[in-house]
Amino acid sequence: MTAKVTLSFADATIETARESARRAGMSLSAWMDRAAQERVLREIFTAHADAVRRAGFDLEKDALADEEDIEAVDRAVFGGARLAPR
């Protein structure tokens with residue numbers, strides 16, 4: 001479902017958006033819809049990342065440890081050969 005709304009933009013903003021939509025081969029409305037969705041997702045992701053940092057999780061360290069565990073299992077089971085690329 002879509003809703004028709006009236007919005008106001010600075011002249012430079014709307015011209016840049018129109019040009020971006022044209023280059024993307026889509027209508028201005030579709031381009032603006034996608035841009036708004038991307039902005040919302042970026043804000044959600046940023047809030048989540050901030051919460052993870054505040055909680056003190058070290059996800060990079062955990063991910064590297066997981067990779068080391070996977071490599072150790074590969075060596076033990078497959079003699080170090082990879083069956084599928086990562």
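Structure: see above.
First, a word on scope: everything that follows refers to the structure included in this document. (Residues numbered from 1 in each chain as written. Predicted model: local features only at pLDDT ≥ 70, side-chain atom pairs only at ≥ 80, totals over all residues. Heavy atoms only, no water.)

An α-helical turn contains 3.6 residues, so a residue and the one three or four places further along point in the same direction. Taking 1.5 Å as the rise per residue, helix H2 (residues 28-55) with 28 residues should run 40 Å; its terminal C-alpha atoms sit 40 Å apart, in good agreement. Of the residues making up H2, those classed as buried are Trp31, Ala49 and Val52. Residues of H2 that are buried make contact with helix H1 (11-24) and helix H3 (59-78). Of the residues one or two after H2, glycine 56 is the one with positive phi, at around 85 degrees. (Helix = DSSP H or I, 4+ residues; strand = E, 2+ residues; numbered from the N terminus. Expected span 1.5 Å × (residues − 1). Buried < 20%, exposed > 50% of the residue type's maximum accessible area, 1.4 Å probe, protein only. Contact = heavy atoms within 4.5 Å.)

Attention now moves to a nonpolar patch on the surface. A surface patch of nonpolar side chains, amounting to about 310 Å² of accessible area, comprises Val5, Leu7 and Phe9. With relative accessibility at 38%, the residue phenylalanine 9 sits in the partly exposed group. (Patch = residues over 30% accessible without salt bridge, like charges linked within 9 Å, V, L, I, M, F, W, Y side chains within 5 Å. Areas by Shrake-Rupley, 256 points an atom, 1.4 Å probe, with all protein chains shown as cover. Salt bridge = Lys/Arg side-chain N within 4 Å of Asp/Glu carboxyl O.)

It is worth spelling out H3 at this point. End to end, H3 covers 27 Å across 20 residues, agreeing with the expected 28 Å (1.5 Å per residue, within 8%). A positive backbone phi angle near 65 degrees is found at glycine 79, which sits one or two residues after H3.

A word on the environment of alanine 35. Relative to the helices and strands, alanine 35 is located in helix H2. Considering only alpha carbons, one finds alanine 35 and glutamate 71, 36 residues apart in sequence, at a separation of 40 Å.

What follows is about the pattern of salt bridges. The tally for this structure, following the rule as stated, stands at six salt bridges. With a closest N to O distance of 2.8 Å, arginine 39 and glutamate 43 form a salt bridge. Linking arginine 39 with glutamate 43, this pair stays in helix H2, spanning four residues, or about one helical turn. Among the charged side chains, a salt-bridge network with shared partners connects Glu19, Arg22 and Arg23.

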